[in-house]
Amino acid sequence: MSWRSADEPPLTLPRDPAREAARRELSKNMYHQNDPSWYERALDAFWEWLDKVFGAASAATPGGTLGLVVIVLAVLALLGALWWRLGTPHRSPASSAVLFDDRPRSAAEHRAAAEAQAAQSHWNQAVQERMRAVVRSLEERALLDVRPGRTADEAASEAGTSLPGHADRLHTAARDFDDVTYGGRSAAEETYLRLTALDTDLERARPAPAGSTPETASTARPGAAE
C-alpha cells in the first residue's frame, strides 16, 4: 500500500463477483466442520415447532401452561383407564371373509397341513387348516355344495342342517376359526384337539333323515356311524 498515492481510490470489486467469491470461500469444508448434522437440525426444528404449538395452546387454555398440563394429564389418565378396563382392542370378525384361499386343496391336504402346523405348536394355523379340512370333507361327501366365497359361519349353518347332531360343535368350530383368523386371538392346543375330534366324528356321521330333530339325530347317531 506504500506505493499507492493518497489520491487514488481504494481497490474495490463489483458486488456480484464479490458475493460469488465470498460464497466460494465460505463453502470450504474448514468452515463447516462443526455444523450440526441433518438429524440435529431436524430435531431442533421439531422442538421449535412443538414449543410454538404448546405456547399457542397454553395461551388459549385457562390457567396457562399449568392448566394445559392438567388437561394433558387428565386425558392420559382417562386413556389409561379405558385401556385397563377394555384391554387391547381386537378387530371384530369380518362376516364377509372367506374360508378358503384361491387354490383348491383336498381335505387330506388340509389335514396334512394342519398336522404339520400342530407339530410345530403353531396352533392358529393348525386350527385354520383343520377347519378347512372339515368343510372340504363335507363338500367331497356332497353334504355341502362346493361354493367359492363361503365363510366358516355359513358352512357351519349349512352343515348343521344335514348333521343336526353336530350343529353346536360346528358353530363352535366356526367361531374358533373366526377368532384366530380375523379376531386377533390365539388358539390353544385344546382348541385344535377339539376340532380334530369333530373332524373325526364327522367322517363317520351320516346325514339325518329329512324332518328329523337334533335330539332324534343325536339318538340315532351311534347306529348311523356303524
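Refer to the preceding data block for the structure.
Residues numbered from 1 in each chain as written. Predicted model: local features only at pLDDT ≥ 70, side-chain atom pairs only at ≥ 80, totals over all residues. Heavy atoms only, no water.

Another point: the overall build of the chain. Along its length, the chain carries 9 helices and 0 strands. For the chain, the sequential pattern of α-helices and β-strands runs α-α-α-α-α-α-α-α-α. Counting every position in the chain, which comprises 226 residues, the buried fraction comes to 28%. Across the chain, the fraction of contacts at a sequence separation of at least 24, relative to all contacts at a separation of at least 6, is 62%. Within the structure as shown, the chain displays about 15700 Å² of accessible surface, and the carbon and sulfur contribution to it stands at 59%. (Helix = DSSP H or I, 4+ residues; strand = E, 2+ residues; numbered from the N terminus. Buried < 20%, exposed > 50% of the residue type's maximum accessible area, 1.4 Å probe, protein only. Contact = heavy atoms within 4.5 Å. Areas by Shrake-Rupley, 256 points an atom, 1.4 Å probe, with all protein chains shown as cover.)

Following the sequence through the fold, R150 ends up in the loop between α5 (123–140) and α6 (152–162). Among the polar contacts listed, one links the side chain of R150 to the backbone oxygen of D145, at a separation of 2.8 Å. A polar contact is formed between the side chain of R150 and the side chain of E158, at a distance of 3.0 Å. (Polar contact = N/O pair within 3.5 Å; in protein donor to acceptor, adjacent residues only side chain to side chain.)

Moving on, we get to unusual backbone geometry. Phi angles above zero are rare outside glycine, and S121 is one such case at about 60°. Relative to the elements of secondary structure, S121 occurs in the loop between α4 (107–119) and α5. Look at A142: it is not a glycine, yet its phi comes out positive at around 65°. Relative to the elements of secondary structure, A142 occurs in the loop between α5 and α6.

Under the defined criterion, the tally for this structure stands at 4 aromatic pairs. Where F46 meets W49, the ring centres are 6.1 Å apart and the plane angle is 35°; that geometry is what we call tilted. Taken together, the positions of F46 and W49, both in helix α2 (residues 38–60) and 3 residues apart, correspond to about one turn of that helix. Taking relative accessible area as the criterion, F46 reaches 39% and is therefore assigned partly exposed. Taking relative accessible area as the criterion, W49 reaches 51% and is therefore assigned exposed. Taking the centre distance of 6.2 Å and the plane angle of 75° together, the rings of F177 and Y182 count as edge-to-face. (Phe/Tyr/Trp six-rings, centres within 6.5 Å; stacked < 30°, edge-to-face > 60°.)

In this section: the packing of α4 against helix α8 (residues 189–204). Packing of α4 against α8 brings their axes to within 12 Å, and their N-to-C directions diverge by 155°. With respect to α8, the element α4 is oriented roughly antiparallel. Crossing hand, α4 versus α8: left-handed. In contact with R111, A114, E115 and A118 of α4, α8 contributes Y192, D199 and E203. (Axes fitted to C-alpha atoms, helices over the stretch in contact; angles between N-to-C directions. Parallel < 35°, antiparallel > 145°, perpendicular 65-115°, else oblique. Left-handed = near helix turned anticlockwise from the far one by under 90°.)

Let us now look at the packing of α5 against helix α7 (residues 167–181). In the contact formed by α5 and α7, the axes pass within 9 Å of each other and the chain directions differ by 140°. Here α5 lies oblique to α7, going by the angle between them. The chirality of how α5 crosses α7 is left-handed. For the pair α5 and α7, the contacting residues are N124, V127, Q128, M131, R132 and V134 in the first and L170, A173, A174, D176, F177, V180 and T181 in the second. Class assignment of the residues belonging to the contact of α5 with α7 gives a composition of 8 nonpolar, 3 polar and 2 charged. (Nonpolar A, V, L, I, M, F, W, Y, C, P; charged D, E, K, R; others polar.)

Taking 1.5 Å as the rise per residue, α8 with 16 residues should run 22 Å; its terminal C-alpha atoms sit 23 Å apart, in good agreement. Listed as buried for α8 are T191, Y192, L195, T196, L198, D199 and L202. Down the axis, α8 shows its buried residues gathered within 160° of arc, on one side only. Residues of α8 that are buried in the fold lie against α4, α5 and α7. (Expected span 1.5 Å × (residues − 1). Arc of directions from axis to C-beta.)

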